[in-house]
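# Coordinate analysis (summary)
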Amino acid sequence: MERPLQPGGTIGILGGGQLGRMSAIAARRLGYKVRTFDPAPGACAAALADEHVTADWSDTAALTRFAQGCGRITLEFENIPPATVEFVARNVPSHPSANVLAICQNRRREKEFLRGAGIPCAPFAVVASLAELQAAVKTIGFPCVLKTADFGYDGKGQVKLPTAEADLAAAWAKIGGVLGVLEAWIPFQLEISVLVARTVDGRTAVYDAAENTHRNHILHLSISPARITDATAAEARALALGIAEQIGLVGLLAVEMFVQDGRIIVNELAPRPHNSGHQTFDANETSQFEQHVRAVCGLPLGGTKPLQPAVMLNLLGDLWKQGQEPDWTKVLADPSAKLHLYDKGQAAPGRKMGHVTVTAPTREEALRRAEAIFAALSAPAYLFWANILILVPVAFGTLLKPSLTDQGAFPESAGWRTLVGSLWLAVLACSMLGLLQPAAFVWLLAFQVIYKSVWLLAYALPRLLTGRRAEVPLGIALSFLVIVLVWPWFIPWRQLLAAP
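Residues numbered from 1 in each chain as written. Predicted model: local features only at pLDDT ≥ 70, side-chain atom pairs only at ≥ 80, totals over all residues. Heavy atoms only, no water.

## Quick look at unusual backbone geometry
For residues other than glycine, phi is negative in most cases, and the peptide bonds are mostly trans. Which entries qualify depends on this criterion: Runs of H or I in DSSP of at least four residues are treated as helices and runs of E of at least two as strands, each being numbered from the N terminus.
Note the cis peptide between F142 and P143, where omega equals -5°. Position of P143 among the secondary structure elements: in the loop between α6 (130–140) and β6 (144–148). Backbone torsion omega between S224 and P225 reads 0°, so that peptide bond is classified as cis. Looking at the element boundaries, P225 is found in the loop between β12 (218–224) and α8 (230–247).

## Some remarks on the environment of N284
The criterion, for reference: Each residue's exposure class comes from its accessible area (1.4 Å probe, protein chains only) as a fraction of the maximum for that residue type: buried when under 20%, exposed when over 50%, partly exposed otherwise. We call two residues contacting when some pair of their heavy atoms lies within 4.5 Å. Polar contact is defined as a pair of N or O atoms within 3.5 Å, subject to the rule that within protein one atom must be able to donate a hydrogen and the other to accept it, and that residues adjacent in sequence are counted only when both atoms are side-chain atoms.
Note on placement: N284 falls in the loop between α9 (280–283) and α10 (288–297). Overall, the relative accessible area of 9% leaves N284 in the buried class. Distance in space between the C-alpha atoms of N284 and P309 is 9.2 Å, their sequence separation being 25 residues. Residues in contact with N284, not counting those within four places in the same chain, are Y207, Q279, T304, K305, P306 and L307. At 2.8 Å, the side chain of N284 and the backbone oxygen of T304 are in polar contact.

## Overview of the pairing of strand β2 (residues 33–38)
Our working definition: Each pair of strands is called paired provided DSSP finds at least two bridges between the two strands. Orient the strands so they point away from the viewer; a crossover is then right-handed if the path from the first strand over the helix to the second runs clockwise.
Counted residue by residue, β2 has five buried out of six residues, so it is predominantly covered. Sheet topology places strand β1 (residues 10–14) next to β2; five bridges connect them, and they run parallel. Bridging across to β2, T10 finds its partner in K33. Once you follow β1 into helix α1 (residues 18–29) and on to β2, the crossover reads as right-handed. Relative to strand β3 (residues 51–54), β2 runs parallel, the two sharing four bridges.

## Let's talk about the pattern of salt bridges
The following threshold applies: Salt bridges are defined as contacts in which a side-chain nitrogen from Lys or Arg sits within 4 Å of a carboxyl oxygen from Asp or Glu.
By the definition in use, this model includes 17 salt bridges. The partner of R28 in a salt bridge is D50, with the nearest N and O atoms 3.0 Å apart. Of the two residues, R28 is situated in helix α1 and D50 in the loop between β2 and β3; the sequence distance between them amounts to 22 residues. Residue R28 is classed as partly exposed on the basis of its relative accessible area, which comes to 39%. A salt bridge links D208 to R237; its shortest N-O distance comes to 3.3 Å. With D208 in the loop between β10 (204–206) and β11 (210–215) and R237 in helix α8, this pair connects stretches of sequence that are 29 residues apart. On the accessibility criterion, D208 (34% relative accessible area) is partly exposed. A relative accessible area of 27% places R237 in the partly exposed class. One salt-bridge network, in which partners are shared between bridges, spans D334, E365, R368 and R369.

## Quick word on the sheet that holds β1
To be explicit about the condition: Here an axis means a line fitted to C-alpha atoms, over the contact stretch when the element is a helix, while the angle between two N-to-C directions is reported on a 0 to 180 degree scale.
The four strands are arranged β3-β2-β1-β4 in an open sheet whose pairing can be described as parallel. If you trace the sheet from one side to the other, it starts and ends with β3 and β4 (72–75), each paired once. The average undirected angle you get between the axes of adjacent strands in this sheet is 20°. Relative to β4, β1 runs parallel, the two being bridged by four bridges. The residue bridging I13 from the neighbouring strand is T74, located in β4. Most of the contacts of helix α2 (residues 60–67) go to β2, to which it runs at about 170°, and overall it touches β1, β2, β3 and β4.

This is the structure we're talking about:
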């Protein structure tokens, strides 16, 4: 039996991405030294390591140098050759094992493990050629999804086949014409994930399920706890514990699941810290990263109790507009928001650059605040400038040139025009000072467009054509009233509401 690696020892991490970076933070807080190994010289975890080795996964000399002096070795993502783990494990206890890694990084082995263990998963078929794919769809049926057997994450390496009219040859070519797995499409109500930790002597700890929502196949929000029944939550925890036991886990495992009409279907396994568990850094007794370190090193496992409901928001490179870093004060203006940036250098669309965790007394409040932060960060600049361009002539025109902006809806008194013009100026000032959030920009812009359109049709055109002021036709007046009252219901307020 392995002896625990006490704080003060050295942990080696295979992989230098953000999961390795946050694992290194947790390890250093516990008093461990950290080494990282990654083929990329600019790996973001390297900045927090005592030593970083840059070499190919097959470079045995570099791996030997990396392993020397380490008391434990672990990994931070699946795309590592199992042979690399086998090599370093000859001299240093390494968790998770090469066998666990091999199962989880290959969809065929993963699905066959789940089916063999009696774990509910989607019906599937392994296909090695276009002919086998054409035969398999007759068994699996439509809709279905074709995935590469090896690697693939965040929606990569997969093609949905919605109907029998789908082009199977194009789908086969899209995954590269390599070994694939055809799965039945599961019309799930929501996706959840459960984190489970296990030590070499079989001690376990499991976290409550988090609910995951995606954008373009990339995790967008994780809501903790998930909006599921107590019975479903208990079943999800039991499934995760059973999988950890049967696969022989030492370390941390994330189990992704679908919930369909109260039934749980296991989708994927990840034997390392997981994106859907980032909120545990700020919202649980023990973060997933510290738990991972504890499990790998053989220490007593920490408590998993949530301190408050939380929502994790991913920050993708899409938020870097024209290469400009977002204004992080929009995040930190919410006192409950915790900002985590990964120092990954160049931003790119779809690249995970950081995350935000928002905690609140209720799950609904945390979700509202997280969505407000995302809206504030992602609001397109054209909303701001469109309002400015429209507000300037409206405000000053009302004050200085009433004949140009006479909309016939207000008394003709100078005092009234001054009041209305002053209100527009106040709105203009708030816009320029950044005091209006995306929802207000959308509201104002739409109101101005609708209002000015009615004015143009009812007043400006008749005056231009006849030289006389026309009265508002009753139909136009009623239509305007209906539009102004009804159109706000069609705005996605959950995405646009301003941060508090």
